Amino acid sequence: MSDRASDLISRAHEAHVVVAGGGVAGLVAALECAKVGIRVTVVEASDRLGGSIRTEEIDGLAVDLVADGFALGAPALDTLIDELGLRDAVEPAAGDAIAVAVGSPDALRVARLPVGLAGIPANPWSDDARRIIGWRGAWRAYLDRLRPPLTIGREQSLGALVRTRMGVRVRDRLVAPLAFGRFGVDVDDVDADLAVPGLSTALTRAGSLAGAISQLLPDGPAPSRATLRGGMGRLVDALAGRLADLEVEIRTGARVAGLHRDDVGWTVRIENAAPDAAASAPDADSVAQASDPDATGAPDPDATPSGQVIADVVIIATDGDAAASLLASAGISVAAPASPQRDVVTLIVDAPVATATATAVAPTSSAPSNASPATASVAPATVYATPAIASAASGIRAAAVDDATASWPHLAAAAGPRRILRVQLEAPTDPSRPGPFPPSAPAADGAQRAHSATTGALANTTSPSPSPARPELVAQARRAASALLGTEVGEPRAAAHRRVVLAPPASVIGHAERTAAARAAIAGREGLVAVGAWLAGGGIAPIVADTVDEVEKVRARILFGRE
């Protein structure tokens, strides 16, 4: 072995990295450090790893309660899947078919979304578009072809661009439901050229918004997302198993409560998490506690009797609010983005569910622009509501209903005549406000599903005991599903509930500037890094990519003394 290689190995073994947060970002950060020989400790406040990825057994089915898929074609995530040996488990979606529910709460209409991108129709005169926006909306959208080209530089907001060129009905009934349903954001706050890459150039070239969308549509059908057979919990299992092989210490049920920097390094104060920090009680056979050195790696030699650990580098991989609090303890002020909460209720129902659409639902991002219902029809995977219908005032309170059995072939085969419905209910923003939704801890990383956009021994995320769902919450979800699907949903065979924090997408206006400002402030303190959905944007793929990039700088600093 050369002296240089020996020196690099020595530097890696002498360094100690503490990762605060055991969600996707935290686990990936730990892996990227540990696989080059750096000693790592992961501290997770809940009793489970994985953040918003959680697979549970419900009515005999392995079901993802929140994040159930990821975007295809993301290089960093593809590399991770291959590294963990999960390629054979990847299952592309059977379809990304989307419908929208429009009208009034007492008279909802469920109709398929027309072929287009981000809800913008390639042809507002199509039957699919007119069912939603009406003749009046179609005529107004036609003016798009008569208006002069408008560059994105003059109109950054996606909502304002669509409203200006195609009218209010296209904005409110086609585009807004997707932005709100997927990420809980107002379409006016979305950057048009980030939401639809290449839109600026295509708009200038085509001379109309509809023409630009037609140019940007893919040539033929191709799935845009995938899952793992057996549930996304397999990703967490594989990550934690690999960390165990690398002797990474993992502490669950504990949280990083404060940070202090001195000449020695970072002093990390660790406390036992409050009882309500965990989303549910752990299964004693599937969660290894930190007191079991055989399961979690060797005891930390840098641990002090007072619950403090000395680290050379601290990687904060929590949600935005927790990260801001930790950074404040280190004298750094950052503002976490506003993050809405949702109650995600999973229902297993007996009878097959079919939406009351006039025609079958066609994919919006993969079918050719001239695809007909006969050639592109599949069962709807998701029904989104307009923001007005999703509001508490409507009485429905549901932003979206997903049919997992329509998306994933392995679930459809296992479920038989049953359907797995995931209902996203708007959660009250004020905890003191009365309502049927019980408070619970937000998921670390808050990674939300990538749909059109995130261990063996350490934490088995498939548990025989699903998270309890209060009867009134189940009843509300059933009513909302019946309304959005346009057909009565029967009494559930089983149900589960998880409250989640939605991370805003990277396409939100100002996101890049806020992320840059936060990281510039953090960079002023040596040995401190932050990753996670609040910086990378919502979705497993961007979280993995951003984490790998940021941790590469940590490794370069430790091994070579540079970034």
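This text follows the structure it describes.
What you are looking at is a predicted structure, and each value in this text was computed from that prediction instead of being measured.

(A) Representation of the sheet that holds strand β15 (residues 308-311). Read across the open sheet, the 3 strands follow the order β13-β14-β15; overall the sheet is antiparallel. The open sheet has two edge strands with one neighbour each: β13 (254-261) and β15. Strand-to-strand twist in this sheet, taken as the mean axis angle between neighbours without regard to direction, amounts to 30°. In this sheet, β15 lies alongside strand β14 (residues 266-272) in antiparallel orientation, the contact comprising 4 bridges. For Arg 269, the partnering residue across the bridge sits in β15 and is Gln 308.

(B) Just the environment of Val 236, in detail. Topologically, Val 236 is positioned in helix α10 (residues 233-245). Classification of Val 236 as buried rests on a relative accessible area of 1%. Each C-alpha atom of the pair Val 236 and Gly 23 lies 8.4 Å from the other, and the pair is 213 residues apart in sequence.

(C) Structural detail: the pairing of strand β17 (residues 341-349). For β17, the buried fraction is high: 8 of the 9 residues fall into the buried class. Relative to strand β21 (residues 494-501), β17 runs antiparallel, the two sharing 8 bridges. Each bridged residue has a counterpart across the sheet, and for Val 344 the counterpart in β21 is Arg 498.

(D) Spotlight on the sheet that holds strand β5 (residues 70-71). One open sheet accounts for 3 strands, arranged β5-β11-β6; its pairing is antiparallel. Of all strands in the sheet, those bounded by a partner on one side alone are β5 and β6 (90-92). The pairing of β5 with strand β11 (residues 225-228) spans 2 bridges and is classified as antiparallel. Within the sheet, the bridge partner assigned to Ala 71 lies in β11 and is Arg 225.

(E) Main features of unusual backbone geometry. Its identity as a non-glycine residue notwithstanding, Ala 118 has a phi of 55°, on the positive side. Examined against the element boundaries, Ala 118 turns out to sit in the loop between β9 (116-117) and β10 (120-121). Ala 118 gets classed as partly exposed once you look at its relative accessible area, which sits at 26%. Phi is positive for Glu 247, which is not a glycine, with a value near 60°. Mapped onto the secondary structure, Glu 247 falls in the loop between α10 and β12 (249-252). Residue classification places Glu 247 among the exposed residues on the basis of a relative accessible area of 62%.

(F) The arrangement of the nonpolar core in detail. Counting residues in each nonpolar core, the largest one holds 55 residues, and the members touching the most others are Val 40, Phe 70, Leu 77, Leu 80, Leu 235, Ile 315 and Ile 540. Of all the elements, helix α2 (residues 24-34) adds the most residues to this core, at 9 residues. Setting aside chain neighbours within four positions, we find Leu 235 in contact with Ile 53, Leu 80, Leu 84, Leu 86 and Leu 228. Counting 41 residues, the second largest nonpolar core, distinct from the first, contains Val 102, Leu 117, Val 175 and Leu 203.

(G) Main features of the packing of aromatic side chains. Applying the stated rule across the entire model yields 4 aromatic pairs. Both rings, one in Trp 125 and one in Trp 135, keep their centres 5.9 Å apart while their planes meet at 55°; by these two values the pair is tilted. With Trp 125 in the loop between β10 and α4 (127-142) and Trp 135 in helix α4, the pair connects residues that are 10 residues apart, well separated along the chain. Under the relative-accessibility criterion, Trp 125 is labelled partly exposed at 27%. Ring geometry for Trp 125 versus Trp 139: centroids 4.8 Å apart, planes at 90°, classification edge-to-face.

Definitions and limits used
Residues numbered from 1 in each chain as written. Predicted model: local features only at pLDDT ≥ 70, side-chain atom pairs only at ≥ 80, totals over all residues. Heavy atoms only, no water. Pairing = 2+ DSSP bridges. Helix = DSSP H or I, 4+ residues; strand = E, 2+ residues; numbered from the N terminus. Axes fitted to C-alpha atoms, helices over the stretch in contact; angles between N-to-C directions. Buried < 20%, exposed > 50% of the residue type's maximum accessible area, 1.4 Å probe, protein only. Core = buried A, V, L, I, M, F, W, Y, C linked by side-chain atoms within 4.5 Å. Contact = heavy atoms within 4.5 Å. Phe/Tyr/Trp six-rings, centres within 6.5 Å; stacked < 30°, edge-to-face > 60°.

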